[in-house]
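Okay, here's what each chain looks like letter by letter:
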Amino acid sequence: MKEAAIVAALILSAQFVRADGLIWPTETKGIFFKKFGPPIESVAAPDGFTVTPAEISQMFAPRKFTIMIYADDTHYFVTRYNRKQTLKQAQLLGVTINGTTGAVEKQGLGLKILKTYAAVKAQTNPSGKESVKHEISQPEVRITGETYPLIFEGPELTDEQKRLVIMDWEYLLATVKKPVFLKVETLPREDVVQKTRGFEHAVTHVLKLDEKSQRQWLPPILQQRLGVAVEIEGRYHLVIHPRVTAAYKEILSQKHPWPEMLKKLDAFMADLTDPAKRQVIANDPQKAREMFFFYKMDPWDDDQAYTGIFLDDDARTCTMRRPSLVEFKTMDKLLYVEDPTIADIPSCFILSHPDVPHPYVDRWPPIIFKDGKCRVLMFPMP
């Protein structure tokens, strides 16, 4: 890899961002800055790059400090200004951005991006005539008729995975009647710490969620992270925490017909909670048997063992919801066993809440998706 690098110290002004200097330094010669330079918009991208220095600058705007942009043969490296900075140090400690896709491949020390490359492209090309490689133009999530940009932190997701995450968040936020965003400085200190810890962006707002009717249905990984936002140019951008993105990536890397599965799971739960449908199942022992999957235990012999479940009074007085996609697991991980024969079977726990005073949401029963059908998982209890 050649030692040549590009460096521009960028300063935010009321009118435009300017480049203090543009040279090709070597590790031995160091970096020299001129007092004035051309607008960053006039600085061409290095050979082979499609992302321009101006677009890199916008990913960190607005800001009140100076940044430095380096580049090698394939990537940009962005750091805060330091007159002793070198390309090698920038590669080690700077924000690493792919020069072709604009993807953030490594976070830097003391510097966070405020916009994704897709968001920058969407602002500079609102007509969408030019597509961004490997990314949907600007992910957005709809909440009660209003749309909000969605920023993914952490590992890269495919376009299809992003669409599934958006679908999941719209499902989770469907109970929000009117979006209200609270400034983080108005929240109790302990809440601020819980809701902002670990985000790559400087969090400014949090979507107001009711603790009992909305937040209690969320998985633990989302209870303090769903609805965290950053305000950019007067618009709220919801931010997905790196750990949440990683959790989605892990389960969505499994090649399953997710939309079809979720649709069938909703229909399955409707059968379990509708008294009339439950009675039909109870009157058909064979149909009742087909709704169960037995793992390392023998199926029940008595028809009444199956049909009786669908006449249970407690089950009829229960509200059920399907879980977030982030709570799905392969069956072996759900049961904490090492068994390659079930390692590709998607599974989850149904969320249920008895229609009586009850302090928390239950996660039961376990459901698997096998041979195109949802089934209740039965297994020997320890």
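Residues numbered from 1 in each chain as written. Predicted model: local features only at pLDDT ≥ 70, side-chain atom pairs only at ≥ 80, totals over all residues. Heavy atoms only, no water.

Let us now look at the overall build of the protein chain. Within the protein chain one finds 13 helices and 18 strands. Here the protein chain holds 382 residues, and 47% of them are scored as buried. Considering only contacts within the protein chain whose residues lie at least 6 apart along the sequence, 57% involve residues at least 24 apart. For the protein chain, the exposed surface amounts to about 19,800 Å²; the carbon and sulfur share of it is 55%. (Helix = DSSP H or I, 4+ residues; strand = E, 2+ residues; numbered from the N terminus. Buried < 20%, exposed > 50% of the residue type's maximum accessible area, 1.4 Å probe, protein only. Contact = heavy atoms within 4.5 Å. Areas by Shrake-Rupley, 256 points an atom, 1.4 Å probe, with all protein chains shown as cover.)

All of the buried residues in helix α9 (residues 275–282) are Arg278, Ile281 and Ala282. For α9, the angular spread of the buried residues around the axis is 100°, confining them to a single face. Away from its buried face, by an angle of more than 90 degrees, α9 presents the exposed residues Ala276 and Val280. (Arc of directions from axis to C-beta.)

A contiguous nonpolar patch, built from Leu92, Leu93 and Leu109 and spanning about 340 Å² of accessible area, is present on the exposed surface. Assessed through its relative accessible area of 65%, Leu109 is described here as exposed. (Patch = residues over 30% accessible without salt bridge, like charges linked within 9 Å, V, L, I, M, F, W, Y side chains within 5 Å. Salt bridge = Lys/Arg side-chain N within 4 Å of Asp/Glu carboxyl O.)

This part covers the confidence of the model for the protein chain. With 80% of its residues at a pLDDT of 70 or more, the protein chain shows a mean pLDDT of 78. Mean pLDDT values for the elements of the protein chain range from 35 in strand β2 (residues 18–19) up to 94 in helix α13 (residues 331–335). Counting interchain partners and residues more than four positions distant, the pLDDT-below-50 stretch residues 1–38 has 102 contacts. With pLDDT under 50 throughout, residues 126–136 is counted as low confidence; its partners more than four residues away or in other chains account for 16 contacts. (pLDDT = per-residue confidence, 0-100.)

With that out of the way, let us pick up the pattern of salt bridges. For the structure on display, the rule yields eight salt bridges. Measuring nitrogen to oxygen at the nearest pair gives 3.8 Å for the salt bridge that ties Lys277 to Asp271. You can call Lys277 partly exposed: its relative accessible area is 38%. The class for Asp271 is partly exposed, based on a relative accessible area of 22%.

Another aspect to go through is the side chain of His201. Considering the arrangement of structural elements, one finds His201 in the loop between α5 (189–196) and β10 (205–207). By relative accessible area, His201 is classed as buried at 3%. In this structure the side chain of His201 is engaged in a polar contact, spanning 2.5 Å, whose partner is the side chain of Glu153. Those residues within four positions of His201 in sequence are excluded, and the remaining contacts are Lys112, Ile113, Leu114, Lys115, Ile151, Glu153, Val230 and Val239. (Polar contact = N/O pair within 3.5 Å; in protein donor to acceptor, adjacent residues only side chain to side chain.)

Right, let's get into the pairing of strand β5 (residues 95–98). Every second residue of β5 is oriented toward a common face, with Val95 and Ile97 on one face and Thr96 and Asn98 on the other, all of them buried. By the bridge criterion, four bridges tie strand β4 (residues 75–80) to β5 in an arrangement that is antiparallel. Paired with Tyr76 across the two strands is Ile97, which belongs to β5. In this structure, β5 lies alongside strand β6 (residues 104–106), joined through two bridges in antiparallel fashion. Bridge assignment links Thr96 to a residue of β6, and that residue is Lys106. In textbook terms, the turn of a hairpin is the stretch between consecutive antiparallel strands, and for β5 and β6 this stretch comprises five residues, one of which, Gly102, has a positive phi near 80°. (Pairing = 2+ DSSP bridges.)

The strand order β7-β8-β12-β11-β10-β9 describes an open sheet built from six strands, whose pairing is mixed. Lying at the two open borders of the sheet, with one neighbouring strand each, are β7 (140–143) and β9 (181–183). Each strand of the sheet is rotated relative to its neighbour by a mean of 40°, with strand direction disregarded. Pairing between β10 and strand β11 (residues 228–232): two bridges, direction antiparallel. Its bridge partner lying in β11, His205 is registered against Ala229. (Axes fitted to C-alpha atoms, helices over the stretch in contact; angles between N-to-C directions.)

Our next topic: the environment of Glu231. With respect to the secondary-structure elements, Glu231 resides in strand β11. Classification of Glu231 as partly exposed rests on a relative accessible area of 37%. For the pair formed by Glu231 and Lys183, sequence separation is 48 residues and the distance between their alpha carbons is 9.7 Å. Once residues lying within four places of it in the same chain are set aside, the contact partners of Glu231 are Thr204, His205 and Tyr236.

Another point: the packing of helix α4 (residues 159–172) against helix α7 (residues 242–252). The contact between α4 and α7 brings their axes to 11 Å, and the two run at 115°. Between α4 and α7 lies a crossing of right-handed hand. On α7, the residues that touch Gln161, Leu164, Val165, Asp168, Trp169 and Leu172 of α4 are Tyr248, Lys249 and Leu252. (Left-handed = near helix turned anticlockwise from the far one by under 90°.)

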